[in-house]
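The primary structure of each chain is shown beneath.
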Amino acid sequence: MKKYRVGILGATGTVGQRFVQLLANHPQFEITALAASERSAGKTYQEATPWKLAEPMPEAVREIVVSTIEPPLDCDFVFSSLPSSIAREVEESFARAGYPVISNSSAFRMEEDVPLLIPEINHHHLEIIKIQKQNRGFDDGFIVTNPNCAVTSFAPPLAALHERFGIEAVIVTTLQAISGAGYPGISAYDITDNVFPYISGEEPKVETEAQKILGRYENGEIINADFSVSAQCFRVNVIDGHMASVRVKLKQDATLEDVKQAMIEYPSLKLHSSPEPFIHVCDEPDRPQPRLDRDRGNGMTITVGRLFPDNVFHYRFVCLSHNTIRGAAGAAILNAEVLVQKGMIKHKF
Ligand code: NAP
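These notes cover the structure that comes with them.

About the criteria used
Residues numbered from 1 in each chain as written. Predicted model: local features only at pLDDT ≥ 70, side-chain atom pairs only at ≥ 80, totals over all residues. Heavy atoms only, no water. Phe/Tyr/Trp six-rings, centres within 6.5 Å; stacked < 30°, edge-to-face > 60°. Helix = DSSP H or I, 4+ residues; strand = E, 2+ residues; numbered from the N terminus. Buried < 20%, exposed > 50% of the residue type's maximum accessible area, 1.4 Å probe, protein only. Lys NZ or Arg CZ within 6 Å of the ring centre and 35° of its normal. Expected span 1.5 Å × (residues − 1). Contact = heavy atoms within 4.5 Å. Axes fitted to C-alpha atoms, helices over the stretch in contact; angles between N-to-C directions. Parallel < 35°, antiparallel > 145°, perpendicular 65-115°, else oblique. Left-handed = near helix turned anticlockwise from the far one by under 90°. Pairing = 2+ DSSP bridges. Nonpolar A, V, L, I, M, F, W, Y, C, P; charged D, E, K, R; others polar.

**So, the packing of aromatic side chains**
No. 1: Scanning the model with the defined rule gives seven aromatic pairs in all.
No. 2: Consider the rings of Phe19 and Phe79, whose centres lie 4.7 Å apart with planes at 20°: the pair is stacked. Placement of Phe19 in helix α1 (residues 14-23) and of Phe79 in strand β3 (residues 77-80) is noted, with a sequence separation of 60 residues between them.
No. 3: Here Phe19 falls in the buried class, since its relative accessible area comes to 0%.
No. 4: Given a relative accessible area of 0%, Phe79 falls into the buried group.
No. 5: Between Phe94 and Tyr99 the ring centres are 5.4 Å apart and the planes differ by 70°, which places this aromatic pair in the edge-to-face class. Each member of the pair, Phe94 together with Tyr99, is buried.
No. 6: Aromatic rings pair up to connect Tyr4, Phe19, Phe29, Phe77 and Phe79 into one cluster.
No. 7: A cation sits over an aromatic face here: Arg88 above Phe108, 4.5 Å from the ring centre.
No. 8: The ring of Tyr99 has Lys348 sitting right over it, with the charged end atom 4.5 Å from the ring centre.

So this is what it looks like as structure tokens:
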């Protein structure tokens with residue numbers, strides 16, 4: 001099979017490096033373009049990148065010369081892991097130039113005509129791309145986003161519960177890893193021997209994105225799920241893996257076993273990056289833990305544990321996902337695999 005040629009915007013950063021690692025032996029995609037800031041442009045990827053992953057940088061990308069973030073790039077579509085401050089303008093310019101843009105940044109996530117995908121939950125939201133193209137005058141290009149990395153850890157179990165029992169309200173407290181802040185991120189002085197109770201801009205995202213992800217697609221519109229979320233977000237001294245402590249109030253009665261089964265039975269997809277299972281529920285009383293559970297399913301499984309009835313709401317549980325894989329690069333690659341399966345990404349030549 002002829003591989004699709006992929007460009008990465010923000011290729012030298014924390015998420016960009018994960019893209020490079022995860023795409024190294026991908027059966028459908030090959031990296032042909034890497035782009036980053038003026039600081040990196042013109043250097044080889046090896047010279048420009050402060051590589052922070054344990055596996056060595058793949059041979060195939062080392063000598064690629066980093067481009068600036070303007071179209072055209074030598075590829076069929078782009079993954080974007082740019083800071084949101086610049087993503088809006090740059091992602092739009094690529095979509096307008098005819099490139100499908102599969103983005104990690106928050107710039108377009110909550111726009112009405114942009115899918116916010118966790119494909120196991122809402123791949124049918126991709127229907128809205130037809131409307132996006134009409135609204136924005138895009139020709140072959142379009143924009144698809146994946147959620148905030150903390151939302152990714154708890155939206156899947158909520159989707160399982162919402163589908164069977166309906167959700168009325170959610171309280172969530174997130175414990176987010178250092179790598180979520182990019183490189184170099186939060187200073188060692190601030191995070192060592194500490195918990196940091198503020199992540200700029202995070203709580204509003206955590207309070208709104210799950211309702212769009214779990215929303216219904218009807219008559220050309222995504223209608224958000226109608227529950228409220230109250231969130232507090234903390235940065236903790238963990239390198240990778242975001243946890244979320246969740247309390248949920250359901251619309252219908254459900255036993256503890258019903259709740260557990262709903263999560264366990266929520267289906268995965270049969271794509272290259274799909275994990276099996278999608279949601280793993282631990283019985284051990286002391287799991288999930290970031291160090292022990294973040295790599296389950298190659299970093300793509302959502303791990304849930306500590307599932308119990310709650311004295312104030314109906315149930316409580318703890319979720320964990322790998323923030324730079326399921327919460328970022330792995331999520332975007334799975335989105336691209338769904339787009340290929342649906343025939344929405346084409347070879348440029
Ligand atoms: P990062 O480590 O700071 O990397 C940022 C990347 O963007 C680098 O490649 C950098 O290039 C490039 N860049 C920065 N300023 C630029 C400019 N003015 N023009 C062109 N390129 C520029 O950040 P990250 O953690 O990878 O995050 C990237 C995006 O993904 C953000 O929107 C973030 O919110 C989102 N995200 C991150 C995570 C996570 O767990 N880290 C999870 C989900 C989503 P240089 O190296 O040349 O400066």
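**Description of helix α9 (residues 202-213)**
No. 1: Compared with the 16 Å implied by 1.5 Å per residue over twelve residues, the 17 Å span of α9 between its first and last C-alpha is a close match.
No. 2: Turning to α9, its buried residues are Glu202, Val206, Glu209, Ala210, Gln211, Lys212 and Ile213.
No. 3: Residues of α9 that are buried in the fold lie against α5 (119-122), α7 (149-165), β6 (167-176), β8 (221-223) and β9 (228-235).

**With respect to the packing of α1 against helix α12 (residues 325-341)**
No. 1: Interaxial distance between α1 and α12 falls to 9 Å at its minimum, and their mutual angle equals 50°. Considering their axes alone, α1 and α12 lie oblique with respect to each other. As for how α1 packs across α12, the hand of that crossing is right-handed. Within the contact between the two elements, α1 uses Val15, Arg18, Phe19, Leu22 and Leu23 and α12 uses Ile325, Ala328, Ala329, Gly330, Ala332 and Ile333.

**A look at the sheet that holds β9**
No. 1: Strand order in the open sheet made by the six strands is β9-β6-β10-β13-β12-β11, with mixed pairing throughout. Looking at strand neighbours, the two that pair on one side only are β9 and β11 (279-281), the edges of this open sheet. On average, each strand axis in the sheet is tilted by 20° relative to the strand beside it, whichever way the strands run.
No. 2: Of the strand pairs in this sheet, β6 and strand β10 (residues 242-250) are connected by eight bridges, and their pairing is antiparallel. Across the sheet, the residue bridging to Ile171 is Arg247, located in β10.

**Focus: the sheet that holds strand β4 (residues 100-103)**
No. 1: Spatial ordering of the open sheet is given by β2-β1-β3-β4-β5, a layout of five strands whose pairing is parallel. Pairing within the sheet leaves two strands with one partner each, and these edge strands are β2 (29-35) and β5 (142-145). In this sheet, neighbouring strand axes are inclined to one another by 25° on average, regardless of whether the strands run parallel or antiparallel.
No. 2: Summarising the sheet, β3 and β4 pair through three bridges and their orientation is parallel. Bridging across to β4, Ser80 finds its partner in Ser103.
No. 3: In this fold α1 packs onto β1 (4-9), β2 and β3, with an angle of close to 160° to the strand it touches most, β1.

**Some points on the packing of α7 against α9**
In a pair of packed helices, the angle between the axes and the distance between the axes together describe the arrangement.
No. 1: Interhelical geometry of α7 versus α9 gives an angle of 40° and a closest axis separation of 9 Å. Overall, the two elements α7 and α9 adopt an arrangement that is oblique. Handedness of the crossing formed by α7 with α9: right-handed. On α9, the residues that touch Ala150, Val151, Phe154 and Ala155 of α7 are Glu202, Lys205, Val206, Glu209, Ala210 and Ile213.
No. 2: Residues of the contact of α7 with α9, tallied by class, amount to seven nonpolar, no polar and three charged.

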